[in-house]
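Given next are the chains, with one letter for each unit.
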Amino acid sequence: MTATILGAAFLIALLTALGVTPLLRRLALHIDLVDVVDERRMHEQPKPRIGGIAIYCGFAFALFVAIGIAPKSVSFVGHVDIVRNLIGLLFGGTLIFGIGLWDDIMGMRPRNKFLAQVIVALISMLYGFTINGVENPFSRGDYFNFPPAIAILLTLIWYLGMMNAINFIDGLDGLLAGYTAISGAWLFAIALGHGHLLVALIVIALVGAAIGFLPYNYNPAKIILGDCGAL
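This section reports on the structure supplied with the text. (Residues numbered from 1 in each chain as written. Predicted model: local features only at pLDDT ≥ 70, side-chain atom pairs only at ≥ 80, totals over all residues. Heavy atoms only, no water.)

**Digging into helix H6 (residues 175-193)**
Each α-helix winds once per 3.6 residues, and so residues spaced three or four apart point in a common direction. A rise of 1.5 Å per residue sets the reference length of H6, with its 19 residues, at 27 Å; its end C-alpha atoms lie 27 Å apart and thus fit the reference within 8%. Every buried residue belonging to H6 is among Leu176, Ala177, Gly178, Thr180, Ala181, Gly184, Phe188 and Ala191, and all of these are buried. For H6, the secondary structure elements touched by its buried residues are helix H1 (2-30), helix H5 (148-169), helix H7 (197-213) and helix H8 (226-230). Of the residues trailing H6, Gly195 is marked for its positive phi of about 75°. (Helix = DSSP H or I, 4+ residues; strand = E, 2+ residues; numbered from the N terminus. Expected span 1.5 Å × (residues − 1). Buried < 20%, exposed > 50% of the residue type's maximum accessible area, 1.4 Å probe, protein only. Contact = heavy atoms within 4.5 Å.)

**Structural notes on the nonpolar core**
Counting 38 residues, the largest nonpolar core has Leu63 and Phe213 as its most contacted members. Elements that contribute at least two residues to this core include exactly H1, helix H2 (52-69), helix H3 (80-105), H6, H7 and H8. Here the element with the most residues in this core is H7; it accounts for 10 residues. Non-local contacts of Leu63, meaning those with residues more than four positions away in its chain, are made with Leu86, Leu90, Leu201, Ile202 and Ala205. Core analysis: the next-biggest nonpolar cluster, separate from the first, contains 12 residues, Ile96, Ile99, Tyr159 and Leu160 among them. (Core = buried A, V, L, I, M, F, W, Y, C linked by side-chain atoms within 4.5 Å.)

Any link to function would need more than the numbers given here.
Next up, the structure:
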């Protein structure tokens, strides 16, 4: 049953992104929502820049359907902490997606975008997404727990670092979507190997959405992710 749910999440995310992406391209071209061509850009022609909407739609829709069809006997549903974490993940993801979309459409100053990223990171921590410690590499199962202040600071640095590092990767056609699909597939295998089914579900949904977007993002790209997709 678990394999069926994971497979369904992958296919739903892939097909959703595959179907939504060309519609977004048409919309972006119709309202002239395209990336400019300048010395910082790798492409020579303006590209529609709201492809991240397709990634988000595929990812979120797949998770909602997978959780909805999963029986309570499956270990990644039915536990209050897990449901709370999933809500926090989607809430935080929606917020940062919205910030990126606002930047794609309206433009944001780097300072304001950074402040918004800090706020989203702090909100995500309220739902339990905090680095509370690290495992002792010399003693499996033994953890070093951080004081709360250190845990919050390290988690904040991690959030900001990851968001901006991934955003910076998005410079070549197909690079970020391909990177997401490849790294996500490995993370999926690792999560399954450790029995973390909720993590496996989340990652495989993201992989499916990235693969569904890739046919339109290969060089020469017909549409790019934009900040809403990269963030």
